[in-house]
Amino acid sequence: MNNINFLKGRDFLKLLDFTPEEIGALIDLASELKAKKKAGIPHRLCEGKNIALIFEKTSTRTRCSFEVAAFDLGMHTTYLDPTGSQIGKKESIADTARVLASIYDGIEYRGFGQEIVEELAKYSKVPVWNGLTNEFHPTQILADFLTIKEHFGELKGKKLVFMGDAGYNMGNSLMVGCAKMGMNFVACSPKDYFPNKELIKQCEAVAAETGATLNFETDPKKAVIGADVIYTDVWVSMGEPDHVWGYRIRELSAYRVTKDLMDIAGPQCRFMHCLPAFHDLKTVVGKEMGEKFGIDCMEVSDEVFESEASIVFEEAENRMHTIKAVMAATL
Ligand code: CP
Ligand code: NVA
């Protein structure tokens, strides 16, 4: 791809909408923009444009990444918080899309169902970017894959094991991403937490083209053998009711990422997590659940989170570089 805006006018809603070449090009562009940022070389590629950031759920990384990336590209931002707009309550998504698209050059949306961001995009004449829905978190996957590429030199053939709540946004999106990029994906969880059958079928069709493999395993010790990456996410996601905590802790504790599992995987294995993570009791929720259920961490032990094998903060930084690439490519 020679042009920086090689996806001009396209929405970025889910990785299923993109070819492996396009995903690879976004990762390469992010890498170039990262090098420019580190070298202090200005890259105001979208000078004078304006973007709206809609967050119906809270955020640290995604919001900050969109804002800093926008500023670096020479753009201005408006942040609409979960309570500070009419969206959904007094104004439909279709009307919101048409209003914002007449004022802004691009719209980011974080919220609930994937159908909402798809509807927003349908009625918006400017690009819409998915900043996380219940089903998908595509900008996170670009950051994860840039990080994996930086560590292993390539994506193809790498084995990524997702442990825990595999049927939600992170498990789904990693499965799609791995299928697209010819990787070996394993979802490891109780059967009820595997991604839904329809999505698995779609990904199997992609995998048949790219040489990826997809496996679904309930035994963590079997799943992690030879893994290059063990990835996990919170057991209760934003927007889910509080009462599911006890149930999830009981069902998913066997899928906590521990040093034992990292050792079985082997010394090449890196630990990844989209963050935020419950690896200790130093958060309000972590402390409350820890006291209630007699545990000192949830999806990952503090030992693994803080170990040399953990590349979670590199991953977090790469959110900014990859989101910048998505905006530069589509605007
Ligand atoms: N990983 C991620 O999306 O983080 P935030 O919820 O802080 O944006
Ligand atoms: N599954 C998590 C991801 C957070 C980045 C959530 O939706 O809350």
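That block above? That's the structure.
In this report, the structure presented in the accompanying data block is examined. These figures come from a predicted structure and were not determined experimentally. (Residues numbered from 1 in each chain as written. Chains lettered and ligands numbered in written order. Predicted model: local features only at pLDDT ≥ 70, side-chain atom pairs only at ≥ 80, totals over all residues. Heavy atoms only, no water.)

**Describing helix α11 (residues 284–293)**
(1) Moving on: For α11, the full list of buried residues reads G286, M289 and G290. Take α11 and look down its axis: the buried residues cluster within an arc of 105°, on one side only. Within α11, the exposed residues directed more than 90 degrees away from the buried face are V284, E291 and K292. (Buried < 20%, exposed > 50% of the residue type's maximum accessible area, 1.4 Å probe, protein only. Helix = DSSP H or I, 4+ residues; strand = E, 2+ residues; numbered from the N terminus. Arc of directions from axis to C-beta.)

**Structural notes on the pattern of salt bridges**
(1) Moving on: Within the structure shown, the criterion is met by 15 salt bridges.
(2) Moving on: Taking the shortest distance from any N to any O, the salt bridge between R10 and E22 comes out at 3.1 Å. With R10 in the segment before α1 (20–39) and E22 in helix α1, this residue pair connects regions lying 12 residues apart in the sequence.
(3) Moving on: A salt bridge links K34 to E150, with the nearest nitrogen and oxygen atoms 2.8 Å apart. Of the two residues, K34 sits in helix α1 while E150 sits in helix α5 (residues 138–152), which places them 116 residues apart along the sequence. (Salt bridge = Lys/Arg side-chain N within 4 Å of Asp/Glu carboxyl O.)

**Overview of the side chain of E108**
(1) Moving on: Here E108 lies in strand β3 (residues 106–110).
(2) Moving on: For the buried E108, which has no salt bridge, the nearest side chain bearing the opposite charge is R110, at an N-O separation of 5.2 Å.
(3) Moving on: Once you skip the residues sitting within four places of it in the chain, E108 turns out to touch A52, L53, I54, F55, T62, F66, W129 and G131. (Lys, Arg positive; Asp, Glu negative; His and termini not counted. Contact = heavy atoms within 4.5 Å.)

**Thoughts on the nonpolar core**
Nonpolar side chains in soluble globular proteins generally cluster together in the buried interior.
(1) Moving on: Ranked by size, the top nonpolar core spans 62 residues in total, and within it F145, L174, F185, Y231 and M327 carry the most contacts.
(2) Moving on: Sort the elements by how many residues they give to this core and helix α13 (residues 312–330) lands first, with seven residues.
(3) Moving on: What Y231 contacts, discounting residues up to four positions off in sequence, is Q140, D144, L160, V161, F162, M163, M170, L174, M272, H273, C274 and E315.
(4) Moving on: Judged by nonpolar contacts, the second largest core, of 35 residues, contains M163, V186, I249 and V312. (Core = buried A, V, L, I, M, F, W, Y, C linked by side-chain atoms within 4.5 Å.)

**A few points about the packing of aromatic side chains**
Two numbers describe a pair of aromatic rings. These are the distance of the centres and the angle of the planes.
(1) Moving on: Applying the stated rule across the entire model yields seven aromatic pairs.
(2) Moving on: On the numbers, 5.6 Å between centres and 75° between planes, the contact of W245 with F278 is edge-to-face. Taken together, the residues span a long stretch of sequence, with W245 in helix α9 (residues 244–252) and F278 in the loop between β9 (270–273) and α11 at a distance of 33 residues.
(3) Moving on: According to the relative accessible area criterion, W245 is buried, its value standing at 6%.
(4) Moving on: In this arrangement the basic side chain of K57 is found over the ring face of F112, its NZ or CZ atom lying 4.8 Å from the centre.
(5) Moving on: The positively charged end of R63 is found above the aromatic ring belonging to Y79, 3.5 Å away from the centroid. (Phe/Tyr/Trp six-rings, centres within 6.5 Å; stacked < 30°, edge-to-face > 60°. Lys NZ or Arg CZ within 6 Å of the ring centre and 35° of its normal.)

**So, a negative patch on the surface**
(1) Moving on: Taken together, the side chains of D260, D296, D302, E303 and E306 present a region of like negative charge at the surface.
(2) Moving on: Tracing the backbone through its elements, the reader meets D296 in the loop between α11 and α12 (302–305).
(3) Moving on: For D296, a relative accessible area of 55% puts it in the exposed group. (Patch = residues over 30% accessible without salt bridge, like charges linked within 9 Å, V, L, I, M, F, W, Y side chains within 5 Å. Areas by Shrake-Rupley, 256 points an atom, 1.4 Å probe, with all protein chains shown as cover. Charge placed at Lys NZ, Arg CZ, Asp CG, Glu CD.)

**A closer look at the site of ligand 1**
(1) Moving on: Around ligand 1, a shell composed of S59, T60, R61, T62, R110, H137, Q140, C274, L275 and R319 is seen.
(2) Moving on: Take T62: an N or O atom from its side chain is 2.7 Å from an oxygen atom of ligand 1.
(3) Moving on: Backbone polar atom of C274 to a nitrogen atom of ligand 1: 2.9 Å apart, as the coordinates give it.
(4) Moving on: When isolated, ligand 1 has an accessible area of 260 Å², and the protein chains bury 96% of it.
(5) Moving on: The residue makeup of the shell around ligand 1, split by class, is two nonpolar, five polar and three charged. (Near = heavy atom within 4 Å. Polar contact = N/O pair within 3.5 Å; in protein donor to acceptor, adjacent residues only side chain to side chain. Nonpolar A, V, L, I, M, F, W, Y, C, P; charged D, E, K, R; others polar.)

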